[in-house]
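Descriptive analysis of the structure
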Amino acid sequence: MSSTPETRPNGPQVVIIGAGIVGCSLADELTARGWTDVTVLEQGPLPAPGGSTSHAPGLVFQTSPSRTLTALARYTVEKFASLRADGIPCFNQVGGLELATTQERLTDLHRKAGYAAAWGIRGEVVSPARCKELWPLIDESVVLGGFHTPDDGLARALLAARAQLERASGRGALFLDRHTVTGIEKENGRVTAVVTDQGVFPADHVVSAAGFWGPVIGRMAGVDVPLQPLAHQYARTRPLADLQDHEAEATRPILRFQDRDLYFREHTDRIGIGSYAHRPLPVDPFAILPYDEARARNMDMPSSFPFTTEDWAPSWDDCRRLIPALRETEVEEGFNGVFSFTPDGMPVLGETRQLRGFWLAEAVWVTHSAGVAKAVAEWMVDGRPSLDLHECDLTRFEDAQRSPSFVRERGSQQFVEVYDVLHPLQPMEQPRPLRVSPFYARQQQLGARFLEGGGWERPHWYEANAPLVDAMDPLPERDAWSARYWSPIAAAEAKATREKVALYDMTPLRRLEVTGPGALDFLSRMTTNNLRKKPGAVTYTLLLDETGGVRSDLTVARLAPDRFQVGANSPADLDWLTRHAPEGVQIRDITSGTCCIGVWGPLARDLVQPLTRDDFSHEGFGYFRAKQTHLGHVPVTAMRLSYVGELGWELYTTADLGLRLWDTLWEAGSDLGVVAAGRSAFNSLRLEKGYRAWGVDMTDEHNPYEAGIGFAVRTDKEFLGRAALEDAPVTRRLTPLLLDEPAAVVLGKEPVYVDGAPAGYVTSASYGYTLGRCVAYAWLPAGLTTGTGVHIEYFGEKVPATVAEEPLFDPKMTRIRR
Ligand code: FAD
Ligand code: THG
């Protein structure tokens, strides 16, 4: 009798493609969880099969602006530090040192120290003298300071791969080298087997851990894998006289000289140097030569190309400037090594929508490898990772972000920017514009300053509103960093929204249409709030996972008995709903074919009512209600709700009529003083109102009660995740803070100190122009009472703030419900 995946004694049959650091780590994590029917197929010879892992110098710097990446790295360090092969530890905790040779970098290192404190990594900004002490070969006169992280260090990647391979083999995993995967078999949308040059391997789950070959394997499965392989130069010097007595492989911290796109490590008496300073060198993954024994003997592997000395020359001068001892030596050997870059620099993880049972674990650095393997193993075995992975989820890419040209251009740009000082709001430069709303021409005429998000051009403010600034009380001066991608015009737009009326382009807000006879039951089962209301009702509700974690917050408008419009967050929402939808329920992403304008402010009704015969009075069109009507010539779906906390409507129409809608509203508002307003004002207003932004303020790591949105949960009905909420702990809370100093500003991701010790981190922050203080939301221990004083670290300074009472603005809702 044949078994099914559920009844197999050793867990489902898993085939992993690739025995690099990711494939080996994953085999270890899966078998540790009792899934021992694991086969790892590798085209090259073990233990050094010739992928990126085979020559990775293994530097592990844990701290990143991404809390998720930092957590993945921390696990890798912990795990590798506990692993040995041949009695040798797989991690050499020499510490990390990042140098600043410019004022801008030094400031950035303070910011990085903030991330480290926020995410729980030890580190401190140190003086040039201390840098010299840590790395005696550097010329400290070119250094302004450094960031020292004692727990970073060197992963011995091949050794760690082998240690995990051996452990997994001991639990029953099978590693087959010299097996080249040539095809993926499927049936009814599910993967069934992996084809190799040595035979066919049946599988319930297949994980592509093929590194930069990902797109090649992806094509076999019918899946686009959005990564671009690029070559990156790595060289070793001849022995240095100054290091002659060295016996250990490395004792000094791994070193970064980001102002020149360089990094360094010791190889006993030599120095290894990596460079991102050269032009991007994209490699076609479909044109990689197979592993060849003869060539491999001279380190010529599929993932390494000949060293291009012309690309190296300028960097060599920089190396010698920083480390004068290098003037006495030369590069002995070097290569152009290939690894993966994605459009946003993050890994690509998860089960593909197109082919069930087919997973990707790609574009993963050694740094994050064990953490990724653990998260993916949890995802496969338990149905979800315990860490928020939305930044790494393969569903995050929009259709327009998956074209080969986009992936190549953006991947190359990630290479260029890898060590740049990047502002959190800094948008991609190319390819732009990619997606524009129907109002784009009008926005340009009004001098919109666009930033990019999800491929969309999004106005952050409009220069046309500059004259309004003159009529306002002057705003406090901003520091140079927080003044970037910001303008006092945002304050004027916020004020116009609170006092008059403003138009907001809400087109990028994701819209799903859910239809069919089972639509109500389906949405009701999937979300927390009561949706059994008459057509015309709009409901704020939550998508939870089985553990009660918040996967998203939605608005659900019942437009007809069997037709719903869902206001959603990320592409993952579409994926999640589609996965769970039964026969007879259709889900369609209608974002691109439609558009939306938010008309908000005390004069919103005066603007809209004259355009329609329908009743837009408070009694005739209640809060959180929807109506289909015409405004002038334009058929619209109007929803009375507002993420900025003012009276008004979201007005939806099809893309073809968008421009007409804009012009109609603009004209109707001209006597009322209507302005166009951007996301900068929008973000300020929503924070004053305490409205959460999913993915920033809360994720699936948080339950609704901690996140402060328990009001949207109705436990008297059945829904996915309900059981888990019964004893959901509330040990931390998304806590509103107001900065004490009217001039102080923070931006998000800063550490928060309670009683002098790090206790949490800021999620989002913005100046609240109505409140005259900066608003910051932060994850902090539950039980901090209103009025408690805390400190937020901003560029090394402790800024005082106070726990406030929510909502900070209009608690009685008098501005909205009227
Ligand atoms: P790989 O190691 O490439 O493994 C993929 C495997 O899949 C390969 O062995 C390949 O043979 C196999 N495979 C592919 N196609 C098939 C097929 N059809 N059939 C069977 N098998 C197949 N990262 C850091 O964290 N720190 C660093 O300091 C660092 N420095 C680097 C320096 C250089 C010069 C390079 C090149 C990379 C560096 N990296 C660093 C990046 C790091 O090496 C990679 O991100 C990481 O090794 C990727 O691991 P992987 O297991 O995903 O891929
Ligand atoms: N508009 C629409 N859909 C959306 C958003 C939106 N979906 C995704 C995201 N934004 C959801 N976020 C919110 C957050 C708060 C509110 C609406 C959407 C909101 N809350 C009120 C409050 O908390 O007082 C009302 C809640 C209630 O009455 O249940 O308005 O911007 N279409």
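To keep things clear, this report deals only with the structure shown in the data block. Please read all numbers here as calculations on a predicted model, not as lab measurements. (Residues numbered from 1 in each chain as written. Chains lettered and ligands numbered in written order. Predicted model: local features only at pLDDT ≥ 70, side-chain atom pairs only at ≥ 80, totals over all residues. Heavy atoms only, no water.)

Comments concerning the site of ligand 1
- Lining the immediate surroundings of ligand 1 are 35 residues, of which Glu42, Thr53, Leu59, Val364 and Thr367 lie closest.
- Leu59 places a main-chain nitrogen or oxygen 2.8 Å from a nitrogen atom of ligand 1.
- The separation between an oxygen atom of ligand 1 and a polar main-chain atom of Val364 is 2.7 Å.
- Contact with the protein chains removes 97% of the 1000 Å² of surface that ligand 1 exposes when unbound.
- Among the elements of the structure, α1 (21-32), β16 (228-237), β22 (331-341) and α9 (366-382) are those that each provide at least two residues to the shell around ligand 1.
- Of the residues forming the shell around ligand 1, the biggest block, 4 residues, is contributed by β22.
- The class makeup of the residues in the shell around ligand 1 is 20 nonpolar, 14 polar and 1 charged. (Near = heavy atom within 4 Å. Polar contact = N/O pair within 3.5 Å; in protein donor to acceptor, adjacent residues only side chain to side chain. Areas by Shrake-Rupley, 256 points an atom, 1.4 Å probe, with all protein chains shown as cover. Helix = DSSP H or I, 4+ residues; strand = E, 2+ residues; numbered from the N terminus. Nonpolar A, V, L, I, M, F, W, Y, C, P; charged D, E, K, R; others polar.)

Notes on the side chain of Glu266
- Looking at the element boundaries, Glu266 is found in strand β18 (residues 262-267).
- For Glu266, a relative accessible area of 1% puts it in the buried group.
- In this structure the side chain of Glu266 is engaged in a polar contact, spanning 2.7 Å, whose partner is the backbone nitrogen of Thr251.
- Reaching out from Glu266, the side chain makes a polar contact with the backbone nitrogen of Arg252 at a distance of 2.7 Å.
- What Glu266 contacts, discounting residues up to four positions off in sequence, is Trp135, Leu243, His246, Glu249, Ala250, Thr251 and Arg252. (Buried < 20%, exposed > 50% of the residue type's maximum accessible area, 1.4 Å probe, protein only. Contact = heavy atoms within 4.5 Å.)

Side note on the environment of Pro517
- Mapped onto the secondary structure, Pro517 falls in the loop between β28 (510-515) and α14 (519-526).
- Judged by its relative accessible area of 68%, Pro517 is exposed.
- The residues contacting Pro517, other than those within four sequence positions of it, are Asp562 and Gly584.

Things to note about the site of ligand 2
- Near ligand 2, the surroundings consist of 16 residues, among which Asp553, Thr555, Gly567, Glu650 and Tyr691 are the closest.
- Interatomic distance of 2.9 Å between a backbone N/O atom of Gly567 and a nitrogen atom of ligand 2.
- Here a nitrogen atom of ligand 2 sits 3.3 Å away from a polar atom, N or O, in the side chain of Tyr652.
- For ligand 2, the accessible surface in isolation is 660 Å², of which the surrounding protein chains cover 87%.
- Those elements that provide at least two residues to the shell around ligand 2 are β30 (550-560), β31 (563-568) and β36 (648-654).

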